[in-house]
Amino acid sequence: MSDGLSGAVLPLEARIARARGLLDGAQRILCDLDGCLVSGARVLPGVAGFVRRHAERLVIVSNNSTDTAETLSRRLAGLGLMLPAGRIVLAGEAALGMAQRRVPSGRLLLLAGAAMQARARALGLDPLAATPEAVVLCRDASRSQLEAAMPLLARGLPLIVANPDLTHPGEDGPVIETGALLALLEACVPQARSCVAGKPSAHLFRVALGPVAPEAAVMIGDNPDTDIAGARRLGMPSIHVGPGGQATGLTGFDCLFPDEADVPGVIAGY
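Here the residue numbering is sequential within each chain, running from 1 through the sequence in written order. The model is predicted, so local features are restricted to residues of pLDDT at least 70 and side-chain atom pairs to those at 80 or more, both for listing and for counting; the totals for chains, interfaces and linings are taken over all residues. Water and hydrogen atoms play no part in the side-chain values, which are based on all heavy atoms of the structure.

**Q** Requested: an account of the nonpolar core, with residues and values cited.
**A** Throughout, nonpolar core names a set of buried Ala, Val, Leu, Ile, Met, Phe, Trp, Tyr and Cys residues whose side chains join them through atoms within 4.5 Å. Burial status follows relative accessibility: with a 1.4 Å probe on protein chains alone, a residue under 20% of its type maximum counts as buried, one over 50% as exposed, and anything between as partly exposed. In terms of nonpolar packing, the biggest core is built from 35 residues, with Leu-30, Leu-110, Val-136 and Met-236 touching the most fellow members. Helix and strand definitions follow DSSP, with helices as H or I runs of at least four residues and strands as E runs of at least two, each counted in order from the N terminus. At the level of elements, strand 4 (58–62), helix 4 (91–102), strand 6 (108–111), helix 5 (114–122), strand 7 (134–137), helix 8 (202–209) and strand 12 (217–221) are the ones that each hand at least two residues to this core. Ranked by residue count, the leading element in this core is helix 4, at 6 residues. Contacts: residue pairs with any heavy atoms within 4.5 Å of one another. Leu-30 has contacts with Val-59, Val-61, Phe-205, Ala-208, Leu-209, Val-218, Met-219, Ile-220 and Met-236, leaving out every residue within four places of it along the chain. Within the second largest apolar cluster, 28 residues are counted, among which are Leu-22, Cys-31, Val-51 and Leu-72.

**Q** Would you mind going over the sheet that holds strand 11 (residues 194–196) in detail, with residue names and values included?
**A** The strand order 6-7-8-11 describes an open sheet built from 4 strands, whose pairing is parallel. Two strands lie at the open edges of the sheet, namely strand 6 and strand 11, each paired on one side alone. The average undirected angle you get between the axes of adjacent strands in this sheet is 20°. Across 3 bridges, strand 8 (residues 159–161) lies against strand 11 in parallel orientation. From the neighbouring strand, Ile-160 faces strand 11, where its bridge partner is Cys-195. Strand pairing is defined by DSSP finding a minimum of two bridges between the two strands. Note on geometry: axes are C-alpha line fits, over the in-contact stretch for helices, and angles between N-to-C directions span 0 to 180 degrees.

**Q** Requested: an account of the environment of Gly-221, with residues and values cited.
**A** Tracing the backbone through its elements, the reader meets Gly-221 in strand 12. Separated by 19 residues in the primary sequence, Gly-221 and His-240 place their C-alpha atoms 5.3 Å from one another. Residue contacts for Gly-221: discarding those within four places in its chain leaves Asp-32, Cys-36, Asp-227, Ile-228, Ile-239, His-240 and Val-241.

**Q** How would you summarise the pattern of salt bridges if you had to cite specific residues and measurements?
**A** We define a salt bridge as a contact between a side-chain nitrogen of Lys or Arg and a carboxyl oxygen of Asp or Glu at a distance within 4 Å. Overall, the coordinates contain 6 salt bridges when judged by the stated rule. The closest approach of N and O atoms between Asp-32 and Lys-199, which form a salt bridge, is 2.9 Å. Of this pair, Asp-32 sits in the loop between strand 1 (28–31) and strand 2 (38–39) while Lys-199 sits in the loop between strand 11 and helix 8, and the two are 167 residues apart along the sequence. Like Lys-199, Asp-32 is buried. Asp-67 is the salt-bridge partner of Arg-75, the closest N and O atoms lying 2.9 Å from each other. Here the salt bridges share partners, and the residues they tie into one network are Asp-32, Lys-199 and Asp-227.

**Q** Would you mind going over the sheet that holds strand 5 (residues 88–90) in detail, with residue names and values included?
**A** Taken in spatial order, the 5 strands line up as 5-4-1-12-13 in an open sheet, and their pairing is parallel. Lying at the two open borders of the sheet, with one neighbouring strand each, are strand 5 and strand 13 (238–240). Put simply, the sheet's adjacent strands are angled 20° from each other on average, direction ignored. Summarising the sheet, strand 4 and strand 5 pair through 3 bridges and their orientation is parallel.

The structure is reproduced here in structure tokens:
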């Protein structure tokens, strides 16, 4: 990692020490989910201890758009990670919140699965309206939903997108994400007008921060284009975990770890 001053790459021991210092001094710890805490249904090494140690300051900030905070909290509990829904901020729910603000009638075409459809109805939205005023795109949209959206987008209806990620880390390799579906729609309907609710947008970070100033928190993430770039725009220190970090060219408090590191267990001292 570059130290942001001399351009020199810090050795692993220095990066670990720097990351621990950030964690110890942070009033709130924001952390991505996939690729940082879990990979599919597998909890990554050291994560259980990391969550126990930092639970009171930890908030999950994820571009997940298939779960609600409630369903994800239950799923993580089944994996032994006890994180209440109030400490989970997700892009799918953020997209629904954006739709609430932008479409007072609540009439939408929601391109998503059962959990998000139910959440939309609970919020007072009509996710399958006969005359929608906006389209909302989440990761588990079906082919038939995508095709139903195309004539609406061609007519100029706005498209609210949960996140721009093309993939996220799965248990057996990369998994298709919402951004890939967005690319498909934009290829088919070039005039589509879209806006993004999830990272790197500031909205998700601000919700997770609550009353805590960005400079008093830290963001842990594996994606330099969403987790780290979004945190940097707010002036929030960040810890970048994952392979290949030294080649990213990022500067500042980006603590980059090799693939074999026990992360985040190693940065928490486990």
